[in-house]
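# Structural overview
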Amino acid sequence: MKKTVRDLDWQGKRALVRCDFNVPLDKEGKITDDTRIRAALPTIRYLAENGAKVVLMSHLGRPKGEAKPEFSLLPVAGRLAELLGKEVVFAASDRVVDEEVRAKVAALADGEIALLENVRYRKEEEKNDPAFSQDLASLGDVFVQEAFGTAHRAHASTAGVASYLPAVSGFLIEKEVKFLDAAVNDPKRPFVAIMGGAKVGDKIKVIENLLNKVDTLLIGGGMAYTFYKAQGLEIGKSILDADNVGLAAGLLDLAKEKGVELLLPVDTVCAAEFANEAAKCTVSSQAIPQDMMGMDIGPETVALYREKIMAAGTVVWNGPMGVFEMPNFAAGTKGVAEALADSEAVTVIGGGDSAAAVEQFGLAEKMSHISTGGGASLEFLEGRVLPGIAVIQDK
């Protein structure tokens with residue numbers, strides 16, 4: 001068990017909190033989705049209400065170690081203030097930490113909140129530079145890790161600061177670790193994993209790890225065609241991860257060896273070209289036309305996968321079943337999302353496109369847990385130690 005913000009007396013202490021405020025902005029610099037900001041609010045409120053001086057830090061986008069105004073966290077400070085109903089001091093500095101910033105932090109009263117500028121304005125951030133880590137650490141008494149989306153990165157603000165400050169988790173990190181750890185290491189059975197997305201290569205280690213743990217593995221999305229190719233089937237113009245056909249064959253063999261039921265789509269929605277309005281047809285997955293490409297799983301597959309999901313005790317889902325961004329090819333992903341919503345299983349959505357799909361279909365409230373970190377949740381499912389989690393003190 002890791003220490004959380006509940007385990008400390010915060011009165012008069014400076015809480016240096018790493019959040020994930022990497023939110024999308026439009027051309028005018030306005031926030032188009034504040035989900036990640038809202039996710040951090042319970043921890044921020046708890047710290048402020050318990051007398052901490054709260055110093056928030058985050059990255060936004062990829063400014064590549066330069067101070068670029070379009071990547072400023074100023075809009076985040078404004079939105080935070082609205083959501084919290086109180087002032088958020090924006091400690092603006094191209095250097096992130098300087099004497100003026102130190103003075104603003106020193107002037108905070110108990111319960112007040114400040115936000116630093118984008119930590120990636122400094123190239124030292126992604127290099128996990130000790131001097132920059134120390135500069136950041138000088139602004140706090142305790143480090144609070146609340147950025148699961150970057151917990152798989154050993155950066156100055158996610159791991160380096162913990163060399164100089166005691167580290168605890170916020171409520172979001174606590175929830176992420178609780179759900180992902182329980183799902184993977186102590187699941188209610190049957191344990192069903194659903195893997196989608198384009199490339200097998202991106203998910204090989206996840207699939208290998210899950211084959212040691214799951215009862216059933218359902219494959220969808222673009223990666224299914226690489227598995228078909230490994231079986232010698234015609235895939236037409238479908239996406240192919242050519243470098244990993246052999247590995248896909250190896251995973252099919254490994255599933256048999258482990259006694260895991262690995263299911264591939266039995267029917268496929270094909271299109272003549274990669275466009276929403278393209279001519280389409282639904283065919284058996286063994287009869288994909290040479291001049292067409294697979295774009296989604298078909299209705300028979302949705303019914304089959306739904307049956308497995310409804311019988312499950314735990315379901316982990318990472319990766320869409322098709323090109324769900326195009327309405328004409330969203331039915332497979334939507335069907336799987338609806339099955340999870342109707343299921344009584346513990347349902348964990350592994351961030352990224354799967355999370356976006358569940359939100360798009362208005363089913364987010366029906367899921368047990370939606371991870372805020374696509375890359376981090378993938379590495380967790382691979383069984384890897386996340387640097388940003390490892391630095392948190394044990395109870």
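For the structure, see preceding data.
For clarity, every value in this text was computed on a predicted model and none was experimentally measured.

For the rest of this paragraph, the subject is helix α8 (residues 245–258). A rise of 1.5 Å per residue sets the reference length of α8, with its 14 residues, at 20 Å; its end C-alpha atoms lie 20 Å apart and thus fit the reference within 8%. Restricting attention to buried positions, one finds in α8 the residues A248, L251, L252 and A255. The buried residues of α8 occupy an angular sector of 100° when the element is viewed end-on, so they sit on one face. For α8, the exposed residues lying more than 90 degrees away from the buried face are G246, K256 and E257.

Moving on, we come to the pairing of strand β10 (residues 267–271). The element β10 is largely enclosed, with a buried count of five among its five residues. Of the two faces of β10, both are covered, the one formed by D267, V269 and A271 as well as the one formed by T268 and C270. Bridging between β10 and strand β11 (residues 280–284) involves five bridges; their strand directions are antiparallel. Counterpart to T268 in the pairing with β11 is V283. As judged from the four bridges shared by β10 and strand β12 (residues 293–297), these two strands associate in the antiparallel manner. Residue V269 lies in a different strand from β12, and its bridge partner there is D296.

Next up on the list: the pairing of strand β2 (residues 53–57). Counting buried positions over the five residues of β2 gives five, a clear majority of the element. Of the two faces of β2, both are covered, the one formed by K53, V55 and M57 as well as the one formed by V54 and L56. Summarising the sheet, strand β1 (residues 14–18) and β2 pair through five bridges and their orientation is parallel. Within β2, the position partnered with R14 by the bridge is K53. Bridge count between β2 and strand β4 (residues 113–116): three bridges; the pairing is parallel. The residue of β4 that forms the bridge with L56 is L115.

Attention shifts here to the sheet that holds strand β5 (residues 142–145). The strand order across the open sheet built from six strands is β3-β4-β2-β1-β5-β6, with neighbouring strands paired in parallel fashion. Across the chains shown, the open sheet's two edge strands, defined by having one partner strand only, are β3 (88–91) and β6 (167–169). Each strand of the sheet is rotated relative to its neighbour by a mean of 25°, with strand direction disregarded. Its contacts with the sheet place helix α2 (residues 74–84) against β2, β3 and β4, and it is angled at close to 170° to β3.

To continue, consider helix α4 (residues 130–137). Residues spaced three or four apart along an α-helix face the same direction, because each turn holds 3.6 residues. Listing the buried residues of α4 in full gives F132, S133, L136 and A137. End-on view of α4: buried residues confined to an arc of 140°, all on one side of the axis. Turning to α4, the residues buried within the fold contact β1, β2 and β4. At the N-terminal boundary of α4, the capping side chain belongs to D129, with an oxygen 3.1 Å from the backbone nitrogen of A131.

Tallied over the full model, the rule gives zero disulfides. Summary of cysteine pairing: C281 is not part of a disulfide, and the nearest cysteine sulfur, belonging to C270, is at 5.3 Å. Judged by its relative accessible area of 28%, C281 is partly exposed.

Turning our eyes to something else, we now look at the environment of I37. Note that I37 resides in helix α1 (residues 35–49). What I37 contacts, discounting residues up to four positions off in sequence, is F21, V23, I31, V76, R79, L80 and L83.

Scanning the entire structure with this criterion turns up two aromatic pairs. When the centroid spacing of 5.3 Å and the interplanar angle of 80° are considered together, the rings of Y46 and F171 count as edge-to-face. Separated by 125 residues along the polypeptide, Y46 in helix α1 and F171 in helix α5 (residues 171–185) bring together distant segments of the chain.

All right, on to the pattern of salt bridges then. By the definition in use, this model includes 18 salt bridges. The residue K53 makes a salt bridge to D110 at a minimum N-O spacing of 2.6 Å. Within this pair, whereas K53 is found in strand β2, its partner D110 is found in the loop between α3 (99–106) and β4, the two being separated by 57 residues in sequence. On the basis of relative accessibility, which here comes to 16%, the residue K53 falls in the buried class. For the salt bridge of K308 with E261, the shortest nitrogen-to-oxygen distance reads 3.0 Å. Here K308 is found in helix α9 (residues 299–310), whereas its partner E261 is found in strand β9 (residues 261–263), with 47 residues between them in sequence.

Thresholds, definitions, all that
- Residues numbered from 1 in each chain as written.
- Predicted model: local features only at pLDDT ≥ 70, side-chain atom pairs only at ≥ 80, totals over all residues.
- Heavy atoms only, no water.
- Helix = DSSP H or I, 4+ residues; strand = E, 2+ residues; numbered from the N terminus.
- Expected span 1.5 Å × (residues − 1).
- Buried < 20%, exposed > 50% of the residue type's maximum accessible area, 1.4 Å probe, protein only.
- Arc of directions from axis to C-beta.
- Pairing = 2+ DSSP bridges.
- Axes fitted to C-alpha atoms, helices over the stretch in contact; angles between N-to-C directions.
- Contact = heavy atoms within 4.5 Å.
- Polar contact = N/O pair within 3.5 Å; in protein donor to acceptor, adjacent residues only side chain to side chain.
- Disulfide = S-S within 2.5 Å.
- Phe/Tyr/Trp six-rings, centres within 6.5 Å; stacked < 30°, edge-to-face > 60°.
- Salt bridge = Lys/Arg side-chain N within 4 Å of Asp/Glu carboxyl O.

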